[in-house]
Amino acid sequence: MSFAGAHEPGQIDRQTMCGIAGVWRKRGPIGGGDLADVARMMQALVHRGPDDHATWNDSRLALGHRRLSIIDLSTAAREPMLTTCSQGVLVYNGEVYNYRSLRDTLRAEGRIFRTVSDTEVVLQALHHWGPDKAIPLFDGMFSLAYFDARVGALWLARDRLGIKPMSVAETGDRILFASEDKAILACDGIARDVDAREITLRLAWQSRDSSSSLFKGMERLPPAGLWKISDAGIEKRCFWHVLDVLDAARIAGDRATDAEHMATLEALIRDSVELHCIADASLASACSGGVDSGLVTTLAKRSRPEMNAYVVDPRIGHSEAEDAERTARHAGVTLHRVPVDKDRFLELWPRAVWHLESDGWHASHVCLLALAEQCRADGVKVLLTGEGADELFGGYDWQEASMGLWRHWSWPGRLFRSKRRLASRFERQRQAPFRTSIGSTHGWDRNIVLRSLSPELNFLQSKIFDRLEPVAPLGDRAFLGCCLHDMYAHLQDLLNRHDRLSMAASVELRVPFLENRLIDFAIHLPRRHKYRQKQGKWLLKKVAEKHIPLQNVKAKKNGFQVSANFTAGTQGLLRGGFLRDAMKWPASSVEDLIDLARRDQPSRLRLVGMELFLRLHVGGETTSQLTEALHAAVGDAR
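All of these numbers come straight from a predicted model, not from anything done at the bench.

Thoughts on the sheet that holds strand β14 (residues 283–286)
Consideration 1: Here we have five strands laid out as an open sheet, ordered β16-β15-β14-β17-β18, and parallel in their pairing. Each edge of the open sheet is held by one strand with a lone partner, namely β16 (334–340) and β18 (508–510). For this sheet the average axis-to-axis angle between neighbouring strands, irrespective of direction, equals 30 degrees.

Here we look at the packing of aromatic side chains
Given two aromatic rings, one states the distance between the centres and the angle between the planes to describe the pair.
Consideration 1: Evaluated as defined, the whole model comprises ten aromatic pairs.
Consideration 2: Look at Phe345 and Phe566: their rings are 5.3 Å apart centre to centre, the planes differ by 80 degrees, and that puts the pair in the edge-to-face class. Taken together, the residues span a long stretch of sequence, with Phe345 in helix α12 (residues 342–356) and Phe566 in the loop between α23 (550–554) and α24 (578–583) at a distance of 221 residues. Of the two residues, Phe345 and Phe566, both sit in the buried class.
Consideration 3: Here the aromatic rings of Phe479 and Tyr531 are separated by 5.9 Å at their centres, their planes lie at 45 degrees, and the arrangement is tilted. Of this pair, Phe479 sits in helix α19 (residues 474–486) while Tyr531 sits in the loop between α21 (516–523) and α22 (538–544), and the two are 52 residues apart along the sequence.
Consideration 4: Clustering of aromatic rings is evident, with ring pairs tying together Trp24, Trp56 and Phe147.
Consideration 5: Lys182 extends its terminal NZ or CZ atom over the ring of Trp354, reaching a point 5.4 Å from the ring centre.

Structural notes on empty space enclosed by the protein
Consideration 1: In this structure, the second largest cavity encloses a volume near 50 Å³.
Consideration 2: Lining the second largest cavity, in full, are Ile163, Lys164, Leu495, His498, Asp499, Ser502, Leu509 and Val511.
Consideration 3: In terms of residues, the lining of the second largest cavity owes the most to one element, helix α20 (residues 490–503), which gives four residues.
Consideration 4: Residue composition of the lining of the second largest cavity, by class: four nonpolar, two polar and two charged.

What to know about the sheet that holds strand β12 (residues 225–230)
Consideration 1: The strand order across the open sheet formed by six strands is β5-β6-β7-β8-β12-β13, and the pairing between neighbours is antiparallel. Strands at the two margins of the open sheet, each flanked by one partner only, are β5 (81–82) and β13 (233–238).
Consideration 2: Sheet analysis places β12 next to β13, joined by six bridges and oriented antiparallel. Bridge pairing links Ile229 to Ile234 in β13.
Consideration 3: Set on the sheet, helix α3 (residues 118–129) makes contact with β5, β6 (88–96) and β7 (140–148); between it and β6 the angle comes to about 125 degrees.

Considering the state of the cysteines
In a disulfide, the sulfur atoms of two cysteines are held together by a covalent bond.
Consideration 1: The full count for this structure, using the stated rule, is zero disulfides.
Consideration 2: Its sulfur unpaired, Cys277 is 14 Å from the next cysteine sulfur, which belongs to Cys287.
Consideration 3: Of the cysteine sulfurs around Cys287, a residue in no disulfide, the closest is that of Cys375, at 12 Å.

Cut-offs and rules
- Residues numbered from 1 in each chain as written.
- Predicted model: local features only at pLDDT ≥ 70, side-chain atom pairs only at ≥ 80, totals over all residues.
- Heavy atoms only, no water.
- Pairing = 2+ DSSP bridges.
- Helix = DSSP H or I, 4+ residues; strand = E, 2+ residues; numbered from the N terminus.
- Axes fitted to C-alpha atoms, helices over the stretch in contact; angles between N-to-C directions.
- Phe/Tyr/Trp six-rings, centres within 6.5 Å; stacked < 30°, edge-to-face > 60°.
- Buried < 20%, exposed > 50% of the residue type's maximum accessible area, 1.4 Å probe, protein only.
- Lys NZ or Arg CZ within 6 Å of the ring centre and 35° of its normal.
- 1 Å grid on protein atoms, 1.4 Å probe; cavity = no way out; pocket = protein on both sides within 12 Å on 5 of 7 lines; lining within 4 Å.
- Points joined across faces, edges and corners; volume = space filled by probe spheres on them.
- Nonpolar A, V, L, I, M, F, W, Y, C, P; charged D, E, K, R; others polar.
- Contact = heavy atoms within 4.5 Å.
- Disulfide = S-S within 2.5 Å.

Dropping the structure here:
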């Protein structure tokens, strides 16, 4: 049935629409208002794919897609893509890197392909094998919506570690979904209400951005989310979780030599980097000068001899450019320095917050946006990065510090404590087993309160720790558990940041360390291969020594540092009242918070960033207006 202003069912419009979005009608058919909402969603997502666009609808569902052409640049690879029988439809964001081997398997089972795109392989796999079998086979980063007309069901899915995003909102008669919250907010009748609880959790430094929205009524698919939508409602589950795949006996029983593990790791990294270099578009690397990005850059050069590298070069404070230059010279790669000064920072900060749909709590967010914009200006569409290595291979100081929490149970410490006392303390401490745990045995009441605010992350700590029971000593168990927990905490913030800010400039950011086989290998490595001789990422660094300058391998980990001068003076923006009103702070407390933000850069970034978020999404101010307001605040502070 068609409606005034609607397209015929099954028709693809390649003329007027501009991303991954859709409307599912619970009752009744798709109408003109639904199609108008898909159009608005596509317009809100234009930055995620400026190269092509299309929509599709039938009686229950309307889909839209905005394309950034990476693989198979022909029009035959347009989305939404339909099966030849027109019974299966797909919109898909991301890359499935093992699509060639999947295509070979599908061909052997009689499937015929019309394109060389990974999109068609994903569609054929879903339609031929079904989502339950097909999606766990996908090796890559993706969010997708697949409709099977044979059973009248829609599936929404996200890759196992949540590299690519998906937001969902349910109303009385519709389910709306899109790559970003702002697209759903563009739909008719969707309230732009901010959740004060979510503001509180972010200001409390909890990792929330990847799996939770700041807007009321908005959900985000969790990592490995696989939701089935049908007349029965929404069936929510996950197709992968570290608790389900972790084999602690495999860790405890590991007897492989250093040389054997080094050979395996090097082969896996080589294969993954080669897969991540597959693109019919210009590719580069983000080379910070550290071990992870340096190793990716050097190995990628072998697959893409023409590639370049990029590094942010702040004009004040610490810069990684010299270390990156050393790696680039060693690899034979041209390094482009991306300068960022205070004016550029204040110009980009509101834009970064807009795209993040959160407070932009770290100064590196702005610098990543600057880097992505320079890449796009230079014609680069794909950027490789080293994210994920610290979580998987033990590169953070808090992971090391987690071992120290369990020294009472180590030899000879346990000789001086009774078994009863140790057993009692164990039961308390296993509820907060890592250095990143909120609270400790000395702050138990606070720990209980905060767990009620964010239970899904906080209780995961003890579940992981318990699952690692065969691992000894307890310090090793805590170290490995902290690494695994970081996959659902710290890494989620990083992945959210990287996707939002690279796609803001229409650049696809790829993470070779988060390849399925590498993930499985890393989560089953014993502590001695991750932390040894007071050195994190021990095994990974041994591999890196063969490929990048030894000086860079041995350098102390600094993280990305930006001078506090970039944001100094901006705390005056907190007098604007949006954050104060949302949090119901007494007027007398505002000046105290402003003084805190003046003295402490992390607090300044959190508080001012959240004020920017509220002014953008609640106050309706533009990014350029907020840049002017930031400059004015800096001027008033002098």
